[in-house]
Amino acid sequence: MKFFLDTADVTAIKKINALGLVDGVTTNPTIIAKEGRVFEEVIKEICSIVDGPVSAEVTSLEADGMVAEAKEIVQWAENIVIKIPMTEEGLKATNELSKLGIKTNVTLIFSVAQGLLAAKAGATFISPFLGRLDDTGTSGIELVAKLREVLDTYGFSTEIIAASVRISEHVEKASLVGAHIATVPPSLYQTLWSHPLTDKGIAQFMADWESFQGGNK
Ligand code: G3P
């Protein structure tokens, strides 16, 4: 399973990338706006830090505009993926971009039908939003499981990015039901690698080692 970071905070990206566990980065207009930096500048910087795919989202709502934006954005770096909203126009743009060999991440997926159509349109990635779906009382994880089943049944090469990940359980369950990727906000990263019993175990080992050393003196 691959891990992406869902952020445009380059300080956080550098820090977590140093662990060797960052396979890519996803952004959206909200995430970019939070940084208060020029879109092109921040995407270029992220692409220079991370080797894997970096999703940058278009803001046009018409297919022609999306394609025009995509053609410009992909020139910023070699590892850019164009994030496209899941709309009728978005599907049209995804289809065109796929024919041009431009990678896409179709975002804001909330149903199997949406995921299936995006895959048929040639999406490289599809992003079901777990947390936002959970908020409505429908299981985001179940959607991921069904999407994986559909992709496998028909042999699509499209990969599922579990997005809108808010708790470590989302990552764990997404891995169990076959999400290819989880995109994780930096604030959640520590909850993935840490556990209170690990800390307690280390403290105990250190204390025992110290008294053993003492006995050897
Ligand atoms: O990956 C999508 C993400 O950025 C949206 O997350 O928490 O705003 O639903 P959230």
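Above this text sits the structure in question.
Here, residues in each chain are numbered from 1, in the same order as that chain's written sequence. Per-residue local features are limited, in this predicted model, to residues with pLDDT of at least 70; the limit for side-chain atom pairs, both in listing and counting, is 80 or more; totals at the level of whole chains, interfaces and linings are taken over all residues. The side-chain figures draw on all heavy atoms in the structure; neither hydrogens nor water molecules are used.

Draft legend 1. Expanded view of the sheet that holds strand β3 (residues 54-57). On the basis of which strands lie adjacent, the closed barrel formed by 8 strands has the order β1-β2-β3-β4-β5-β6-β7-β8 and parallel pairing. Between one strand axis and the next, the sheet turns by 30° as a mean value, whatever way the strands run. Two strands qualify as a pair provided DSSP detects at least 2 bridges between them. Comment: elements are numbered from the N terminus, with helices defined as DSSP H or I runs of at least four residues and strands as E runs of at least two. Sheet analysis places strand β6 (residues 125-128) next to strand β7 (residues 159-162), joined by 2 bridges and oriented parallel. Opposite Phe125, over in β7, you have Glu159 as the bridge partner. Residues count as neighbours in contact if any of their non-hydrogen atoms are within 4.5 Å of one another. Under this scheme, a helix contributes an axis fitted over its contacting stretch, all axes are lines through C-alpha atoms, and angles between N-to-C directions fall in the 0 to 180 degree range. Where helix α10 (residues 186-193) meets the sheet, its contacts fall on β1 (2-6) and β8 (181-184), and the angle it forms with β1 comes to roughly 145°.

Draft legend 2. Broad picture of the environment of Phe39. Relative to the assigned elements, Phe39 resides in helix α3 (residues 39-49). With 18 residues separating them along the chain, Phe39 and Glu57 place their C-alpha atoms 10.0 Å apart.

Draft legend 3. Fine view of the site of the ligand. For this description, a residue counts as near a given molecule or strand if any of its non-hydrogen atoms is within 4 Å of it. Around the ligand sit Asp6, Asn28, Ile31, Phe129, Arg132, Ala163, Ser164, Arg166 and Thr183, and those are all the residues in its vicinity. Here a polar contact is taken to be a pair of N or O atoms separated by no more than 3.5 Å, where protein atoms must pair a possible hydrogen donor with a possible acceptor and residues adjacent in sequence count only if both atoms sit in side chains. One nitrogen or oxygen atom from the side chain of Asp6 is found 2.7 Å from an oxygen atom belonging to the ligand. At a separation of 2.6 Å, an oxygen atom of the ligand approaches a polar side-chain atom of Arg132.

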